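Here are the chains, one letter per residue:
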Amino acid sequence: MAAKTTLNAKNLEGLGAPRLAELLIEISTGSAANKRRLRMELAGNHSGAEIAREVRKRFASIARSRTVINWRKVKAVTADLETQRKTIVDVVAPDDPKEALELAWQFLALADPVFERSANESSSVIESFHQACADAGAIAKSAGVEKDALADKIFAAVQNNDYGQYDPLIAAMAPVLGNDGLERLKALFVQWSREPEDKASQSHRQVIGWSSKGPIYEDQVYGSHRERTVRIALQEIADAQGDVDAYIAQQPEKTRKAPLVTTDIARRLLSAGRAGEALETLSAVDTRGRDDAPIEWQLARVEVLEALGRADDAQADRWKWFEQSLNDLHLRAFIRRLPDFDDLEAEEKAFAFAQAFPEVHRALAFFLRWPALAEAAKLVLKRQGELNGDLYDLMTPAAEALAEKHPLAATIVLRSMIDLTLENARSSRYKHAARHLVRCASLAPHIADFAGLASHDAYVAGLESRHGHKSGFRKLVP
């Protein structure tokens, strides 16, 4: 049974309404967010129209604000947006879906003023707007909105998608639009694409790369902002209509052989039951990038081969790509398709291959992901001279993973980071090196045999001899 002081709804009810009201006033003092929440709840006791007025008042305040949104304010801004969004969905929409839909559009329009004063790249704010797109799609189903009018509204919104706030909008609205509405939306984008457009001046063209002939401009590869917007919109409409050929038609010729583009096209062809064409598309990828093609392209290829009944070819590709990259996704897929007992033999073969892999750090990462900690420890002991202590994003979790059952290997990894830091006088990392040394001391009693390495005391003495003059490090060591 919960104690009477436990914070739960039942115990709080026991305080009575007057005392709870006093506490809420006290708690909300100095907190604008809490006050807004209370006002919203009070409005809810009257009518949906009253709540909508409160929401609009808050929208106007957010739009007028000129306060810069830095990393300290992101959480509060996101919480404020989420409060308004949830109020629309949970309170207004059940009673008045048309009003809720209008509020959803007004919420989405806040993206411009919010992002114009944002100095932070946190994804939480854009996620609120993306969720609002999904909300608008759900609300529109029961709002009884006319399809042509809805298509016009979506078109106007996507035209001004400067911050990506409307990225999920077409997909979210597709079930409501139906084929007729999607055709209307498509016609609007096609018409817009045919209207004359001023070309960007040389000073406003963005360089995204260089070739032997000079700079490569973004508009050369992807087209103008309008062209990109139209192309993406038409692709999304094609997806909604299940029209693979229309999707492919919107891909620029210059990018159709890029691995990720061919992957997108192939997956759509495969879903449409056109596996043969999917394989042709994947095979058309630029041959210079086929051996080191991204994992997405590789996974799509083996999926297509499986669909064509070429399971042996798919397995051969999986093993080949595992040997090239030590990507555990390929090995797991390879092993899953093997008969009993063959899987153990394949795993042993893979481990032996990884032990001899030229890049020791990739091998270590593979063993940690699998996980095969005994193999990771074996690798560290055998190839300790190749370890790069500067790769602390790998070495730190490696040491933590190995510490319990393989303290010597963990110590070797920790020492690689300590040595790198001190030998290169990385003063900004002295505190980490000191922490690693303390961890080595805690592991030492659990190491029965240092296998030819210096004991902990001897290692510390060596550090003192070589780096004793580094007072910034010495004063951090207990």
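Residues numbered from 1 in each chain as written. Predicted model: local features only at pLDDT ≥ 70, side-chain atom pairs only at ≥ 80, totals over all residues. Heavy atoms only, no water.

### Comments concerning the packing of aromatic side chains
Moving on, step 1. Tallied over the entire structure, the rule returns 19 aromatic pairs.
Moving on, step 2. Here Phe189 and Trp192 contribute two aromatic rings whose centre-to-centre distance is 6.5 Å and whose plane-to-plane angle is 55°, an arrangement assigned as tilted. With Phe189 and Trp192 both in helix α10 (residues 169-194) and three residues apart, this pair spans about one turn of that helix. Of the two residues, Phe189 and Trp192, both sit in the buried class.
Moving on, step 3. Centre to centre, the rings of Trp319 and Phe334 are 5.3 Å apart; their planes meet at 50°, and the pair counts as tilted. Of this pair, Trp319 sits in helix α17 (residues 311-325) while Phe334 sits in helix α18 (residues 328-336); the two residues are 15 residues apart in sequence, bridging distant segments of the chain.
Moving on, step 4. Classification of Trp319 by relative accessible area gives buried; the value is 12%.
Moving on, step 5. A residue is classified by how much of its surface remains accessible, and Phe334, at 14% relative accessible area, is buried.
Moving on, step 6. A connected cluster of aromatic rings, assembled from ring pairs, spans Trp319, Phe322, Phe334, Phe351, Phe353, Phe357, Phe366, Phe367 and Trp370.
Moving on, step 7. Positioned above the aromatic ring of Tyr247 is the side chain of Arg268, whose terminal nitrogen or guanidinium carbon lies 3.9 Å from the ring centre. (Phe/Tyr/Trp six-rings, centres within 6.5 Å; stacked < 30°, edge-to-face > 60°. Helix = DSSP H or I, 4+ residues; strand = E, 2+ residues; numbered from the N terminus. Buried < 20%, exposed > 50% of the residue type's maximum accessible area, 1.4 Å probe, protein only. Lys NZ or Arg CZ within 6 Å of the ring centre and 35° of its normal.)

### A closer look at the pattern of salt bridges
Moving on, step 1. Under the defined criterion, the tally for this structure stands at 22 salt bridges.
Moving on, step 2. One salt bridge connects Glu82 with Arg85, and the closest N-O pair in it is separated by 2.9 Å. Note that Glu82 and Arg85 are positioned in helix α5 (residues 74-95) at a spacing of three residues, about one turn of the helix. Each of the two residues, Glu82 as well as Arg85, counts as buried.
Moving on, step 3. Where Asp135 meets Arg85, a salt bridge forms, and the shortest distance between an N and an O atom there is 2.7 Å. Here Asp135, found in helix α8 (residues 123-143), pairs with Arg85, found in helix α5; they are 50 residues apart in sequence, far enough to count as distant. For the pair Asp135 and Arg85, one class covers both residues: buried. (Salt bridge = Lys/Arg side-chain N within 4 Å of Asp/Glu carboxyl O.)

### Description of a nonpolar patch on the surface
Moving on, step 1. Together, Leu7, Leu12 and Leu15 make up a nonpolar patch on the protein surface, roughly 300 Å² of accessible area in all.
Moving on, step 2. Tracing the chain through its elements places Leu12 in helix α1 (residues 9-13). (Patch = residues over 30% accessible without salt bridge, like charges linked within 9 Å, V, L, I, M, F, W, Y side chains within 5 Å. Areas by Shrake-Rupley, 256 points an atom, 1.4 Å probe, with all protein chains shown as cover.)

### Describing the environment of Arg184
Moving on, step 1. Within the secondary structure, Arg184 sits in helix α10.
Moving on, step 2. Each C-alpha atom, one on Arg184 and one on Ile418, is 65 Å from the other, the two residues being 234 residues apart in sequence.
Moving on, step 3. With residues up to four places along the chain from it excluded, the contact list for Arg184 reads Asp148, Ala151 and Asp152. (Contact = heavy atoms within 4.5 Å.)

### A closer look at the nonpolar core
Moving on, step 1. Trp105, Phe129, Ile154, Leu169, Met173, Leu185 and Phe189 are the most contacted members of the largest nonpolar core, which has 54 residues in total.
Moving on, step 2. Broken down by secondary-structure element, the contributors of at least two residues to this core are α4 (48-64), α5, α6 (97-109), α7 (111-116), α8, α9 (147-159), α10 and α12 (225-241).
Moving on, step 3. If you tally residues by element for this core, the top one is α10, at eleven residues.
Moving on, step 4. Setting aside residues up to four positions removed in sequence, Trp105 forms contacts with Leu150, Lys153, Ile154, Ala157, Leu169 and Met173.
Moving on, step 5. Listed in part, the 51 residues of the second largest apolar core include Ala398, Ala409, Val413 and Tyr430. (Core = buried A, V, L, I, M, F, W, Y, C linked by side-chain atoms within 4.5 Å.)

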